[in-house]
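Chain and residue survey
Below are the chains, spelled out letter by letter.
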Amino acid sequence: MASGELGKVYQDGEVIICEGEEGQCMFVIQEGEVEVVMDGDDGQEIRLGVRGSGEFFGEMAIFDRDVRSATVRSLGEARVLTVDKKNFMRRVHEDPSLAFRLVETMSRRIRELGEEVARLQNNG
Amino acid sequence: MAEDGLHLDDGSRVGVIGGGPAGSFFSIFLLDLAYRMGMDIQVDIYEPRDYTRPGPIGCNMCGGIISESLVQNLAAEGINLPPTIVQRGIDSYMLHMDVGSVRIETPLQEKRIGAVYRGPGPRDLKEVKWGSFDGYLQNLAIEKGANVINQRVDELLWEDRLPQIKIRKEEPQPYDLVTIAVGVNSASRKLFNNLNFEFTAPKTTKTFIQEYYLGEEQIQEILGSSMHVFLLDLPRLEFAAIIPKGDYVSVCLLGEDIDKELISNFMNAPEVKGVFPPGWDFDAKSCNCSPRINISGNSRPFDDRIVFIGDSGVTRLYKDGIGAAYRTAKSAATTAVLQGISAEDFEEHYWPACRKINTDNMIGQAMFLVTRIIQGQQIARRAVLRMTADEQKEADSTKRMSMVLWDMFTGSAPYKEIFVRTLSPVFLARLAGDLAISVTGR
């Protein structure tokens, strides 16, 4: 890592969060890309998406107490910053507008999912 | 101009005096929120400093630590600090006392503290490898639509109940809202003598910062990514730290009436000499300064159409001044856009954020008093060292003392939260045990 790089560097294929595990933080990609994958019913891995620099992942753990819904691993080398649930929630309590960007991202992902469901229904 | 009432609207004009972190954060959040609300607001930032020039002309004089909590909050805001601005990511602290030293690792073994220069670097900077932190934030404000006026403000006037900003050889410019974001070391403080309400300037104390050139390779070898903090039994010394940057290290001293004698005593302490290369010439400094920092806040940092943020409003005691600039700037910006710009609006929606910092500072004062007692008692120093060292050896233990020290040194958590943790029966029992061992000399 260069002297001024913040966060932690993950190597290609390294798992950052694992489906089914409990989570107490979310992540913000500082550099590089990660892929989000999920185990399908037939045991085949399904790729849900790729996230790039500046994007969040693992944010559902901030708001619910469920386990991680997907596995996220590094695509090539990726540098990722961990955001603690406690720190984030304390700050959101003081300043709810901190969550605007997160809500905006989650809204965009729901919209994309809706479009994907519609596309699958049209194809099927 | 907003024509009716004390609120911002489409076409409103906001003047920001001071383009350091507080002024830039305020402008970024105000413009972002206005955009979300479908409002077009003009923001002018008045800042005479040139953040591309090394030395005092581009420097806002501070230790340059971006705390762990601030790095995370900024990332959540979409402000990710790049390695072209952060000179060194910090992942651990070395605590030095006369009874020994101990390394305190970050809880996640991740670099989440940033060491930066507010300008590009010290006066004798040979090569500009990293950008200025203040300049980076100012550029983000410009990207959001702020206009930077690279001039010193001559006068702050009132005309037809509107604040006006005057710079040399120009007509005064009227604004719907003026935000004061100047530092406590700024000459602009004299502007507030003509305000139509009683302005109580924050109380300050003098600090000392000295820069040394060691080169990136040597810093990596001897200091690595650790900040070094010192709890030494030196009269009038509250706290001291050596912060590794890119090619330089910053030595920061905090205490009462810091003078040449105190600086010399600190530099000659064996614990300090041990951090530098053998035979290091402590007179070979790159530059130094004695900036003032707040020890109490502005008692009423607002009125109709005017709000004080950052150091000119309320800031955290000794630590995380940039974090306090972020919090006060965000609170003032959301109040101005979503609530209004009257004294009542700021009192109801902005003042609670300031009061929370003020209350926490009072607890902080008590915590630093305890730190002073530990500094003065060798038995207490031994107990703290032993407890911390034992925790750092145990992989899965709850690192109570380590986390108390970590948060005290990094400014990552409110003082109240740290204080509550020290009241834990397990913490107190373990400290009592280590104190007993120190007394018996085992």
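Residues numbered from 1 in each chain as written. Chains lettered and ligands numbered in written order. Predicted model: local features only at pLDDT ≥ 70, side-chain atom pairs only at ≥ 80, totals over all residues.

1. Details of the domain arrangement of chain B
Residues and elements named next belong to chain B.
- Each assigned domain of chain B is listed here: domain 1 (13–51 + 133–203 + 295–362), domain 2 (88–124 + 204–293) and domain 3 (377–440).
- Measuring from the centre of the C-alpha atoms in domain 2 to the corresponding centre in domain 3 gives 23 Å.
- With 12 residues of domain 2 at the interface, the matching set in domain 3 holds 12 residues.
- Elements with a minimum of two residues in the side of domain 2 that touches domain 3: β5 (92–97) and β6 (100–105).
- For the side of domain 2 that touches domain 3, the element with the most residues is β6, which contributes five residues.
- When its residues are assigned to classes, the side of domain 2 that touches domain 3 shows nine nonpolar, one polar and two charged. (Domains from an automatic or database assignment. Contact = placed C-beta atoms within 7 Å. Helix = DSSP H or I, 4+ residues; strand = E, 2+ residues; numbered from the N terminus. Nonpolar A, V, L, I, M, F, W, Y, C, P; charged D, E, K, R; others polar.)

2. With respect to the packing of helix α2 (residues 68–77) of chain B against helix α7 (residues 321–339) of chain B
Residues and elements named next belong to chain B.
- Across the interface, α2 lies against α7 with an axial gap of 9 Å and an inter-helix angle of 35°. Between α2 and α7 lies a crossing of left-handed hand. Residue-level inspection shows S69, L70 and N73 of α2 in contact with α7, the latter providing I322, G323 and Y326.
- Looking at side-chain class alone, the contact of α2 with α7 contains three nonpolar, three polar and no charged residues. (Axes fitted to C-alpha atoms, helices over the stretch in contact; angles between N-to-C directions. Left-handed = near helix turned anticlockwise from the far one by under 90°.)

3. A closer look at the sheet that holds strand β7 (residues 113–115) of chain B
All names here are of chain B.
- Overall, antiparallel pairing links the three strands, which are arranged β3-β7-β4 in an open sheet. The two strands at the open ends of the sheet, each matched to only one other strand, are β3 (65–66) and β4 (88–90).
- Here β3 pairs with β7 via two bridges, running antiparallel. The partner of I66 across the bridge, within β7, is G114. (Pairing = 2+ DSSP bridges.)

4. Thoughts on the environment of B:A75
- The residue B:A75 is located in helix α2 in this model.
- Other than its neighbours up to four places away in sequence, B:A75 contacts A:V28, A:L81, A:V83 and B:N80.

5. Some details on unusual backbone geometry
Residue and element names in this part refer to chain B.
- Unusually for a residue other than glycine, R305 sits at a positive phi of about 65°.
- Looking at the secondary structure, you find R305 in the loop between β19 (302–303) and β20 (306–308).
- We note that Y318 has phi near 65°; this positive angle belongs to a residue other than glycine.
- Structurally, the position occupied by Y318 is in the loop between β20 and α7.
- On the basis of neighbour counts, which here come to 21 C-beta atoms within 10 Å, the residue Y318 falls in the buried class. (Buried ≥ 20, exposed ≤ 12 C-beta atoms within 10 Å, placed from the backbone.)

6. Here's the deal with the sheet that holds strand β12 (residues 177–180) of chain B
All names here are of chain B.
- Judged by pairing direction, the sheet is mixed, and its six strands sit side by side in the order β8-β2-β1-β12-β20-β19 without closing on themselves. The sheet is open, and its two edges are formed by β8 (147–149) and β19, each paired on a single side.
- Relative to β12, strand β1 (residues 13–17) runs parallel, the two being bridged by four bridges. Residue pairing across strands places G15 opposite V178, the latter belonging to β12.

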